[in-house]
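# Chain and residue survey
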Amino acid sequence: MLCVGRLGGFGARAAALPPRWAGQGSLQAGIRARRVSTSWSPVGAAFNVKPQGSRLDLFGERRGLFGVPELSAPEGFHIAQEKALRKTELLVDRACSTPPGPQTVLIFDELSDSLCRVADLADFVKIAHPEPAFREAAEEACRSIGTMVEKLNTNVDLYQSLQKLLADKKLVDSLDPETRRVAELFMFDFEISGIHLDKEKRKRAVDLNVKILDLSSTFLMGTNFPNKIEKHLLPEHIRHNFTSAGDHIIIDGLHAEAPDDLVREAAYKIFLYPNAGQLKCLEELLSSRDLLAKLVGYSTFSHRALQGTIAKNPETVMQFLEKLSDKLSERTLKDFEMIREMKMKLNPQNSEVMPWDPPYYSGVIRAERYNIEPSLYCPFFSLGACMEGLNILLNRLLGISLYAEQPAKGEVWSEDVRKLAVVHESEGLLGYIYCDFFQRADKPHQDCHFTIRGGRLKEDGDYQLPVVVLMLNLPRSSRSSPTLLTPGMMENLFHEMGHAMHSMLGRTRYQHVTGTRCPTDFAEVPSILMEYFANDYRVVNQFARHYQTGQPLPKNMVSRLCESKKVCAAADMQLQVFYAALDQIYHGKHPLRNSTTDILKETQEKFYGLPYVPNTAWQLRFSHLVGYGAKYYSYLMSRAVASMVWKECFLQDPFNRAAGERYRREMLAHGGGREPMLMVEGMLQKCPSVDDFVSALVSDLDLDFETFLMDSE
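Nothing here was measured: the structure is a model prediction, and the numbers come from that model.

A separate point is helix α11 (residues 276-295). Compared with the 28 Å implied by 1.5 Å per residue over 20 residues, the 28 Å span of α11 between its first and last C-alpha is a close match. Where α11 is buried, its residues meet α8 (177-192), α9 (199-224), α12 (301-305), α22 (569-586), α23 (596-607) and α24 (624-627). Between a side-chain oxygen at the N-terminus of α11 and the backbone nitrogen of Gly-277 the separation is 2.9 Å; the capping residue is Asn-275. Phi for Gly-297, located one or two positions after α11, is positive at around 105°.

This is the structure we're talking about:
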């Protein structure tokens, strides 16, 4: 998954894209290539040995987290935020006193950069640092910067300085496309905060924004809160599957992989039992979003959220989802029939397929049909081998090498964090990736990409190098073996590296649109595209070697693995269509025509097909309604684009350097500085229609004939 800054306006934008390269001769010429350091070491070897810990330097000073001098102690966050806030005040004065022109946009971007450099870093540290004092200091910094962002988004003088620029047609026409787009994005951020309204309405918009933030936080906490039930209400023989607490059983999830049907049924019905407080919170959240959208000039929250995306508006999203659902319906019915047959075989008393069945039974079918026990694959996927595989792929496609660099004392938050330098064969050092890959206590369980510092062209003509963190949850190495990855972990590693390359590979002039700071339905394209490379034998064959014998992973094992992913894949995709449609309806026309639970029931029956279970409210566990409100369809849209790019450009040869360079030039090079559909058109050499997106997704479900023959022999 992509982690995004939560601040609007001058904080990190809701999603992010890479930089501009093509057609930026003057910018490229102004960036000096950085020499390769002799202290870098090969990436594969670095990840298959235990870290050396901090450099043995008894007298050396601590550098501070990410090399930021102030952050050698938690108190440094206060110093960093105060410096940023002082600089902000100076920049606001400059913006308001500078005559309108390109300089206005540069000052706005510097303002955004000075806040993001503290907020983005603090956003990561507050959830990932092992020391509570650092987490608390980072949390306080986030609050402090967030308050400043709210002030800036409602600063009328600042708004008017940008408005003067955009109101002058002659000036606007003289701006280059990237500068103009960044100016418009800043203006959009102002307007969705209600700054163009009269004083009374503006105050209402600010109050609604604060209320939405509070409701979002409350709802998010509620999505994970366990439910409990009195012990005697559960059959005795399944109680041991859950946590006990006195006379109660605690249910903290769906137990979707449990082999016992009754365990899954009980978990589903109890965990999804409606909570009145959470229900009220969701209704207030949806209602407040709708009020805010209408206040700032949009007919629905969805119309506001989709401005600037590939889809552009909710009508296109619903057209995409309905057409995809139609194309999937027959395949989905076949998947449900296959699940029903397997359920009947294992449990003849009750063969009706229920919503708690597909994850478990599709796994059983996959294992039976393809023999894809992860333990057979893990020895071929040592972490070092996988990193070497990424290095080979990136080098052949894009001329990029990854080198391990020893971090200075105090630069990393855990001794097993690795630091990678990303180096281009002719352009030199492009940026840094910190790899926080291993499990530890209190570390969040999701796999994420965090922007710590965005790239931008500085006033002195030098380039501010991007810095990101990739966070995974891999097992540690043992005495007898290095860290070994399951196929799913390997694919996740490639996925997250796709986000990192998005951040590294551009050179946008403006930090506000750097790397992954782009529309949500484009932000996942580079990461999903990397999954296609991770599932191609020609790529896997370059690195998958048994860590003891050196034997390569047999081709038929890779083929079986890829084909196994297509088992019940139509039903899985249909489920995503249902979630995305539900999200659109919740953020569509208000007041809602029914309760959120009644809408869930109707939408589930229309877009999924399995029956709604009475007295459940799955929507109250739908955490994506917070970060991806009105944008949950983005995963499907991004996958459709990635599928088309793969088939058009890399299917014939996954190491095609010309296609790799085009990919960088057309897609990875622009960040959020260009309309996403223009980037897609540039890459595909055509403007794809909704039908093209649907066809791309559906064709991915087709079984590979060569594998079918191989398995029949």
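Moving on, we get to the side chain of Lys-443. Among the structural elements, Lys-443 can be located in the loop between β7 (428-438) and β8 (448-453). Here Asp-436 takes part through its backbone oxygen, which lies 3.0 Å from a polar atom of the side chain of Lys-443. Leave out the neighbours within four places in its chain, and Lys-443 touches Asp-436, Phe-437, Phe-438, Met-471, Leu-472 and Asn-473.

Before going further, it helps to spend a moment on the pattern of salt bridges. On inspection of all chains with the given rule, the structure shows 42 salt bridges. Residues Arg-331 and Asp-702 are paired through a salt bridge, measuring 2.9 Å at the closest nitrogen-oxygen approach. Highlighted residues: Arg-331 in helix α13 (residues 314-346) and Asp-702 in the loop between α28 (690-699) and α29 (705-712), separated in sequence by 371 residues. When its relative accessible area of 29% is taken as the criterion, Arg-331 is described as partly exposed. A salt bridge links Glu-666 to Arg-674; the shortest N-O distance between them is 3.9 Å. Since its relative accessible area comes to 28%, Arg-674 is described here as partly exposed. Salt bridges here are not isolated pairs; linked through shared partners, they connect Asp-261, Arg-264, Lys-343 and Asp-357.

Attention now goes to the sheet that holds strand β2 (residues 227-230). Spatial strand order, β2-β4-β3: three strands in an open sheet with antiparallel pairing. Since the sheet does not close on itself, it has two edges, and those belong to β2 and β3 (243-245), each with one partner. Within the sheet, the average angular offset between the axes of one strand and its neighbour, ignoring direction, is 35°. Relative to strand β4 (residues 248-251), β2 is paired through four bridges, and the arrangement is antiparallel. By the bridge assignment for β4, Glu-230 is matched with His-248.

Given two aromatic rings, their pairing is described by the distance between the two centres and the angle made by the two planes. As enumerated under the stated definition, the model contains 29 aromatic pairs in all. Judged by centre distance (4.2 Å) and plane angle (5°), the rings of Tyr-579 and Trp-618 are stacked. Linking Tyr-579 in helix α22 with Trp-618 in the loop between α23 and α24, this pair joins segments that are 39 residues apart in sequence. Like Trp-618, Tyr-579 is buried. Directly above the aromatic system of Phe-655 lies the positively charged group of Arg-396, at a separation of 3.9 Å from the ring centroid. Directly above the ring of Phe-271 sits Arg-621, whose terminal nitrogen or CZ lies 3.6 Å from the centroid.

Domain assignment breaks the protein into domain 1 (38-57 + 371-546) and domain 2 (68-194). The gap between the C-alpha centroids of domain 1 and domain 2 is 28 Å. If you look at the interface, domain 1 gives 23 residues, while domain 2 gives 25 residues. When the two sides are added together, the surface that domain 1 and domain 2 hide from each other amounts to roughly 2,200 Å², 54% of it contributed by carbon and sulfur. If you sort the residues of domain 1 by the area they bury against domain 2, Ile-452, Tyr-510 and His-512 come out on top, with a joint share of 30%. Here domain 1 and domain 2 share four salt bridges between them. A salt bridge links Arg-456 to Asp-113; the nearest nitrogen and oxygen atoms lie 3.1 Å apart. Put simply, domain 1 and domain 2 have 14 residue pairs in polar contact (both at pLDDT 80 or more) between them. Looking at the side of domain 1 that touches domain 2 element by element, the count peaks at four residues for β8. For the side of domain 1 that touches domain 2, the residue count by class is nine nonpolar, six polar and eight charged.

The next subject is the UniProt feature "domain: Peptidase M3A/M3B catalytic" (unreviewed entry) in the protein. Listed under "domain: Peptidase M3A/M3B catalytic" (unreviewed entry) in the UniProt record, and renumbered for this structure, are residues 255-697. Annotated as residues 255-697, this span is 51% helix and 9% strand, and its ends, taken at the C-alpha atoms, are 29 Å apart.

A few words on the confidence of the model for the protein. Chain-level statistics for the protein give a pLDDT mean of 90 and a share of 91% at 70 or above. For the stretch residues 53-58, pLDDT sits under 50, and the model shows seven contacts to residues farther than four places along the chain or on other chains. In this model, residues 706-713 is a region of pLDDT below 50 whose contacts with residues beyond four sequence positions or in other chains number eight contacts.

This part is about unusual backbone geometry. The omega torsion of the bond from His-590 to Pro-591 falls at 0°, within 30 degrees of zero and hence cis. Tracing the backbone through its elements, the reader meets Pro-591 in the loop between α22 and α23. We note that Phe-66 has phi near 55°; this positive angle belongs to a residue other than glycine. Within the secondary structure layout, Phe-66 lies in the loop between α2 (43-47) and α3 (76-97). We note that Ala-630 has phi near 70°; this positive angle belongs to a residue other than glycine.

Another point: the packing of helix α25 (residues 634-650) against helix α26 (residues 657-668). Where α25 meets α26, the closest approach of the two axes is 10 Å, and the angle between their N-to-C directions is 145°. Here α25 runs over α26; the crossing is right-handed. Contacts from Val-641, Val-645, Cys-649 and Phe-650 in α25 reach Ala-659, Gly-660, Arg-662, Tyr-663 and Met-667 in α26. Across the contact of α25 with α26, the residue classes tally to seven nonpolar, one polar and one charged.

Formed by 167 residues in total, the largest nonpolar core has its most connected members in Ile-433, Phe-437 and Phe-650. Every residue in contact with Ile-433, bar those within four places of it in the chain, is listed here: Arg-418, Lys-419, Leu-420, Val-422, Val-468, Leu-470, Met-497, Ala-500, Met-501 and Met-504. Grouped together as the second largest cluster of nonpolar side chains are 60 residues, Leu-111, Ala-128, Leu-162 and Val-182 included.

Note that Val-412 resides in the loop between β5 (400-405) and β6 (418-424). Overall, the relative accessible area of 18% leaves Val-412 in the buried class. Sequence spacing of Val-412 and Ser-699 is 287 residues, and the spatial spacing of their C-alpha atoms is 44 Å.

Evaluated as defined, the whole model comprises zero disulfides. For Cys-386, which is in no disulfide, the shortest distance to another cysteine sulfur is to Cys-378 and amounts to 9.8 Å.

Thresholds, definitions, all that
Residues numbered from 1 in each chain as written. Predicted model: local features only at pLDDT ≥ 70, side-chain atom pairs only at ≥ 80, totals over all residues. Heavy atoms only, no water. Helix = DSSP H or I, 4+ residues; strand = E, 2+ residues; numbered from the N terminus. Expected span 1.5 Å × (residues − 1). Contact = heavy atoms within 4.5 Å. Polar contact = N/O pair within 3.5 Å; in protein donor to acceptor, adjacent residues only side chain to side chain. Salt bridge = Lys/Arg side-chain N within 4 Å of Asp/Glu carboxyl O. Buried < 20%, exposed > 50% of the residue type's maximum accessible area, 1.4 Å probe, protein only. Pairing = 2+ DSSP bridges. Axes fitted to C-alpha atoms, helices over the stretch in contact; angles between N-to-C directions. Phe/Tyr/Trp six-rings, centres within 6.5 Å; stacked < 30°, edge-to-face > 60°. Lys NZ or Arg CZ within 6 Å of the ring centre and 35° of its normal. Domains from an automatic or database assignment. Buried area = accessible area lost by both parts, 1.4 Å probe. Nonpolar A, V, L, I, M, F, W, Y, C, P; charged D, E, K, R; others polar. UniProt positions renumbered as here; feature names shortened; annotations may be inferred. pLDDT = per-residue confidence, 0-100. Left-handed = near helix turned anticlockwise from the far one by under 90°. Core = buried A, V, L, I, M, F, W, Y, C linked by side-chain atoms within 4.5 Å. Disulfide = S-S within 2.5 Å.

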